[in-house]
Amino acid sequence: MRRPTRFDSTACPFSAPTGRPEMGSIREPGSLVRPSSARAAGWLGAALALISVTAGLPGLNEVGVTWDEPRYFESAERIQAWTALAASGDVSAALDPDAIRTAWDSDRYYNPHPPAYKAAMALTDALLAFGLLVGLLVGWTARLASVAAGAAAGLALLCMPRVFGHAHVAATDMPLTLLWFAATMGAFLYVRDGQRRWILLFGVAMGLGFATKFTAFLLPVPLFAWMLLAAREKRAWQAALYGLALALLVAVLVNPAAWLHPIGYQERLIHESLSRDFSIPVSTYYAGRIYPYVVPWHEAIVMTFITVPVATLVLAAGGLRTAVRRGRARALAVMCVLQIGFWWALLALPSSPNHDGVRLWLPMFPFLAILAGLGFEQLAGLVERRIGAERPVV
């Protein structure tokens, strides 16, 4: 038996698959538990995206106005007025520092987040971001794992009540969830395939995340942990270097508020975001008690378990097996475990805000849905093998 090289799928789970099934693999031709073709995965993702948007449309007018939305709408209107001024040809007036601050960087106490999503409000909606998120999750999971895993992952995310509910709110959290997931998968796929389009996706999505909400600045932490602990390829560090540089560039280009003082703007954003316990201490009701700001370390874990359907949690527990077994989807499962562990560890810190239920850690749930999809894949494979074993041989 030859010694496996660092590019073998068994030696490095992040390298591209060879296309040859492993011994004892259940991924046989025609099986729902084999990876899908790129075209089939795309169509499956598009179908689930359409279903997600269609399911959310009837309830758009049934959700009341939330605390942040009026401020975001006002900000979006100021940005649209500034854009109209610039488009009219009066560029010098639009580039006046006071005009930029008024349109892009005002009312910071109630509107502290960077303005990228508010600028996009004229073109899109949180529900459309949710539909795109489901479509990408389904397509990539079907391509990397199996058709069964992709479809089940998409349905698992669609059927998470809190996540589906937040798709009806015009806030920064659902767009951030989409960008966080797209950036993570861009880095993952670049390490796996080495195609430049994935590093472009990684950098652009992370940069738009930087320009949407401070939370996106934490994305490099789980990604670099994944690169240190699991991805042993040189491409991993290329992704880290080039992707981060591109992200910082994009974050400044799409945010005129940062044009005046690019470094100073980011420093102020980070400082204000890390001092929310002093500037905007939001209380949290948890386990029959109101906490002024700091909640028990287990709040995020408990809230995850009581807001996600039991069937999804059971399937996700089954999907954990994929992270410790050699196979095509092991790298995907490991990445999901690291993402979930990062969010739970982050929210256990005393300095982390935990108000508004699960809203502040929405980016974690797509990875939980993927684990549920991988768990369903194992269940589907077990059923297929049972049926195949009982089928008479002619």
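For the structure itself, look to the data block above.
Residues numbered from 1 in each chain as written. Predicted model: local features only at pLDDT ≥ 70, side-chain atom pairs only at ≥ 80, totals over all residues. Heavy atoms only, no water.

(A) Representation of the pattern of salt bridges in the model. Summed over all chains, the structure comprises 6 salt bridges. Between Asp-98 and Arg-101 there is a salt bridge; the shortest N-O distance is 3.0 Å. One end of the pair, Asp-98, and the other, Arg-101, are both in helix α4 (residues 97-104), 3 residues apart, so they sit about a helical turn from each other. Accessibility expressed as a relative area gives 48% for Asp-98, which makes it partly exposed. Given the relative accessible area of 38%, Arg-101 is considered partly exposed. (Salt bridge = Lys/Arg side-chain N within 4 Å of Asp/Glu carboxyl O. Helix = DSSP H or I, 4+ residues; strand = E, 2+ residues; numbered from the N terminus. Buried < 20%, exposed > 50% of the residue type's maximum accessible area, 1.4 Å probe, protein only.)

(B) Broad picture of the packing of aromatic side chains. With the rule as written, the count across this model stands at 13 aromatic pairs. Ring geometry for Trp-82 and Trp-104: centres 5.4 Å apart, planes at 85°, overall edge-to-face. Residue Trp-82 is located in helix α2 (residues 69-87), and its partner Trp-104 is located in helix α4; the two are separated by 22 residues in the primary sequence. On the basis of relative accessibility, which here comes to 10%, the residue Trp-104 falls in the buried class. Their ring planes at 20° and their centres at 6.1 Å tell us that Phe-214 and Phe-217 sit as a pair that is stacked. Through successive ring pairs, a cluster of aromatic residues spans Trp-140, Phe-181, Trp-198 and Phe-367. (Phe/Tyr/Trp six-rings, centres within 6.5 Å; stacked < 30°, edge-to-face > 60°.)

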